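Geometric and topological summary
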Amino acid sequence: MLKSHSPCMFEPNLRMEEALKTSLNTKTLTRTGQSGGGCINQGEAYITDSRTVFVKRNKKSKSRVMFDGELEGLKVIAATKTVTVPEPIVVLDNPDGGACIVMEYLEMKGLRRYHQRLGEELAKLHLYNDQLRNKPPPKDKDADSQSTLEYVKEFGFHTTTCCGYIPQENSWCDDWVAFYARNRLDYQIRLLAKEKGDREANELWSRLQLVLPRFFKDLEIRPSLLHGDLWKGNAAETKEHPVIFDPATFYGHHEYDLAIAGMFDGFNKNFYDAYHKRIPKAPGFEARHKLYTLYHYLNHWNHFGGGYRGTTLSVMRSLLKIPV
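Residues numbered from 1 in each chain as written. Predicted model: local features only at pLDDT ≥ 70, side-chain atom pairs only at ≥ 80, totals over all residues. Heavy atoms only, no water.

In plain terms, the rule: UniProt positions are given in the numbering used here, feature names are shortened, and annotations may be inferred rather than shown by experiment.
The name an unreviewed UniProt entry gives the protein is protein-ribulosamine 3-kinase, with Laodelphax striatellus as the organism. The Sequence similarities (unreviewed entry) comment attached to the protein in UniProt states, word for word, "Belongs to the fructosamine kinase family."

Observations regarding the pattern of salt bridges
Our working definition: Salt bridges are identified by distance alone: a Lys or Arg side-chain nitrogen within 4 Å of an Asp or Glu carboxyl oxygen. Runs of H or I in DSSP of at least four residues are treated as helices and runs of E of at least two as strands, each being numbered from the N terminus. Burial classification: accessible surface area is computed with a 1.4 Å probe over protein chains only, and a residue below 20% of its type maximum counts as buried, one above 50% as exposed, and the rest as partly exposed.
Tallied over the entire structure, the rule returns 23 salt bridges. For Glu70, the salt bridge identified is with Lys56, shortest N-O distance 3.0 Å. Here Glu70, found in helix 2 (residues 63-80), pairs with Lys56, found in strand 3 (residues 52-58); they are 14 residues apart in sequence, far enough to count as distant. Lys56 shares its class with Glu70; the two are buried. The partner of Arg190 in a salt bridge is Asp186, with the nearest N and O atoms 2.9 Å apart. Placement of both Arg190 and Asp186 in helix 4 (residues 176-195) is noted, with a separation of four residues, approximately one turn of the helix. Here the salt bridges share partners, and the residues they tie into one network are Asp130, Arg133, Glu220 and Arg222.

Quick word on the nonpolar core
Convention followed: Note on terminology: a nonpolar core comprises buried Ala, Val, Leu, Ile, Met, Phe, Trp, Tyr and Cys residues joined through side-chain atoms within 4.5 Å. Note that domain bounds follow an automatic or database assignment of domains.
Membership of the largest hydrophobic core comes to 83 residues, with the highest contact counts inside it found for Trp176, Leu185, Leu208, Leu212 and Phe215. Looking at which element gives the most residues to this core, the answer is helix 8 (residues 285-304), with nine residues. Counting only domains with at least three residues in this core, you end up with domain 1 (12-104) and domain 2 (109-133 + 153-320). Counting residues in hydrophobic clusters, the runner-up holds 10 residues, among them Met16, Leu29, Val55 and Val102.

Laid out in structure tokens, this is it:
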């Protein structure tokens with residue numbers, strides 16, 4: 001729930017606009033008045049010589065990492081041709097500090113008509129990598145990643161991506177349980193300890209990490225390409241189809257993407273029925289679903305502070321009580 005599209009207009013930034021003109025090779029750069037970006041970034045649409053683009057910017061010193069990861073995530077999701085994302089164009093340093101990402105502008109509104117189709121397309125996205133397992137690798141090793149993907153056999157991603165503005169540890173691992181424990185939950189717990197020093201969270205985590213393998217008993221998990229932050233604010237629709245955006249992409253367990261989707265509602269029964277028609281629930285799904293929400297509660301605690309402490313600790317306690 002980190003990146004909504006509530007109005008958040010750009011302040012005038014002439015040096016950045018000049019940098020945009022140069023990078024996009026356009027003489028025209030006219031604001032449309034269409035804005036977005038949410039509580040972390042500012043965003044606005046611009047008319048250029050050739051098309052309308054959407055520009056998101058952030059003044060934080062490390063925002064380049066966030067936008068570089070977003071661009072790579074959009075590129076890889078787009079390459080699957082399973083679900084629509086805005087076409088990524090370029091990431092630029094802001095001459096006045098921070099960075100910005102430029103992407104295709106899509107005329108979107110809230111998801112209403114295309115819940116079922118989004119469920120179908122998300123399932124196709126999650127199945128895509130596994131379908132590459134038996135395909136021969138491309139002959140042209142230098143082929144652009146937007147047109148050619150190869151099977152990925154490990155969990156992680158080739159670059160840092162961010163969920164909100166917090167970087168995700170995406171170093172490759174051949175074991176999903178180890179990856180989720182170390183690169184997701186423990187990473188957040190260590191960040192929490194550094195910033196807030198919560199003893200109860202540390203104690204609950206020391207107990208929970210010992211029993212994590214029980215949630216995955218007799219389950220074979222293969223890497224799926226994930227959106228990574230698929231809550232209702234990061235999904236919408238055009239007149240023709242659903243769209244997802246603002247990804248925190250990596251290769252992981254497909255069930256992971258459904259966690260934040262369910263935390264803040266926004267997706268109806270048609271979405272879930274269509275998804276599970278293609279990817280049926282495996283035994284233990286509900287327990288793992290709660291386990292995957294834990295990452296997002298920890299992430300929200302680290303972003304927004306103690307208002308998420310009670311819910312996070314409650315989830316940890318309930319996980320320790322689940323007979324799996």
